[in-house]
Amino acid sequence: MSGVVVTDPPKADAKDVEALAGYGVATISEAMGRTGLLGPGMRPIQQGVRIAGTAVTVLSWPGDNLMIHAAVEQCGEGDVLVVTTTSPSTDGMFGELFATALRRRGVRGLVINAGIRDTQELREMGFAAWSRAVSAQGTVKATGGSVNVPVAVDGQVIRPGDVIVADDDGVVVVPREKARETAEASEARENKEAASRAAFVEGQLGLDRYGLREKLRQLGVTYQSYDAYAAGDRP
């Protein structure tokens with residue numbers, strides 16, 4: 001397998017990345033029309049942490065972390081390393097030594113569509129990571145691959161410079177050209193939810209706030225007392 005290392009790809013504006021960092025993965029995905037999620041299999045090794053940064057992408061051979069070494073050189077302040085393999089793999093391709101090198105370069109975290117190890121050490125050093133699996137299985141450095149090329153994870157295309165946001169709920173990718181409008185849409189959604197939250201605190205029901213009683217009626221859902229239901233008195 002040959003490959004290419006692409007240098008200096010375009011990136012989302014840092015101000016837009018920081019704006020997106022203020023919103024959760026669920027909010028951002030909803031703001032983009034329920035798109036961009038990498039799927040429920042991508043889980044954090046820590047809790048209570050959110051990161052946002054620009055993607056540096058890696059396409060590797062399964063069980064081979066050679067191209068992660070090549071990618072470290074391409075990483076800089078505010079990046080998130082995104083790793084996937086040419087076919088499914090759960091081998092532990094990334095650990096504490098990689099994290100040490102990346103943190104020195106200002107990388108905000110890792111998203112890997114394969115295995116990760118040294119998870120306790122990563123948590124202790126505060127390096128955030130989301131992975132498909134946790135595995136102590138080691139890897140080799142023997143096969144070429146690519147860095148900073150478009151990759152696909154769970155049906156989502158991630159290009160170098162796209163925005164990655166990750167938290168306890170998972171990972172979402174925002175195309176770099178849509179970073180600003182997505183941040184604005186996320187703000188609008190947050191404001192809308194804040195108004196609903198205040199209404200719920202006051203006792204309003206979602207059935208009324210969202211006009212769902214009419215939806216129930218249209219669907220043929222009826223209300224009936226327990227005694228009538230238990231007696232078999234069906235509408």
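To be clear, the structure that these remarks concern was listed above.
This structure is a prediction, so every number in the text was calculated from the model and none was measured.

1. Structural notes on helix α6 (residues 179-201)
- The end-to-end C-alpha distance of α6, which contains 23 residues, comes to 32 Å, matching closely the 33 Å that a straight helix rising 1.5 Å per residue would cover.
- Listed in full, the buried residues belonging to α6 are Ala179, Thr182, Ala183, Ser186, Ser196 and Ala199.
- On its buried face, α6 is in contact with α1 (14-20), α2 (25-31), β10 (163-167), β11 (170-174) and α7 (206-209).
- Taken from the residues just after α6, Gly203 is the one with a positive phi, measuring 105 degrees.

2. As for helix α4 (residues 96-104)
- Buried residues of α4: Phe98, Ala99 and Leu102, and no others. Within α4, the buried residues cover an arc of 95 degrees as seen down the axis, which keeps them to one side. Structural note: α4 exposes Leu97 and Arg104 on the side pointing more than 90 degrees away from its buried face.
- Residues of α4 that are buried make contact with α3 (66-72), β3 (79-85), β4 (92-94) and α5 (119-125).

3. A few points about a nonpolar patch on the surface
- Together, Phe200, Tyr210 and Leu212 make up an exposed nonpolar region whose accessible area comes to about 280 Å².
- Along the chain, Tyr210 turns up in the loop between α7 and α8 (212-218).
- On the accessibility criterion, Tyr210 (46% relative accessible area) is partly exposed.

4. Thoughts on the packing of aromatic side chains
- A full pass over the atoms with the stated rule returns three aromatic pairs.
- Centre to centre, the rings of Phe94 and Phe98 are 5.4 Å apart; their planes meet at 20 degrees, and the pair counts as stacked. Of the two residues, Phe94 and Phe98, both sit in the buried class.
- With 5.9 Å between their ring centres and 20 degrees between their planes, Phe94 and Phe127 make a pair best called stacked. Taken together, the positions of Phe94 in strand β4 and Phe127 in the loop between α5 and β6 (128-134) put the pair 33 residues apart, joining distant regions of the chain. Taken as a pair, Phe94 and Phe127 share a single burial class, namely buried.
- Each member of the aromatic cluster is reached from another via a ring pair, and the members are Phe94, Phe98 and Phe127.

Conventions adopted
Residues numbered from 1 in each chain as written. Predicted model: local features only at pLDDT ≥ 70, side-chain atom pairs only at ≥ 80, totals over all residues. Heavy atoms only, no water. Helix = DSSP H or I, 4+ residues; strand = E, 2+ residues; numbered from the N terminus. Expected span 1.5 Å × (residues − 1). Buried < 20%, exposed > 50% of the residue type's maximum accessible area, 1.4 Å probe, protein only. Contact = heavy atoms within 4.5 Å. Arc of directions from axis to C-beta. Patch = residues over 30% accessible without salt bridge, like charges linked within 9 Å, V, L, I, M, F, W, Y side chains within 5 Å. Areas by Shrake-Rupley, 256 points an atom, 1.4 Å probe, with all protein chains shown as cover. Salt bridge = Lys/Arg side-chain N within 4 Å of Asp/Glu carboxyl O. Phe/Tyr/Trp six-rings, centres within 6.5 Å; stacked < 30°, edge-to-face > 60°.

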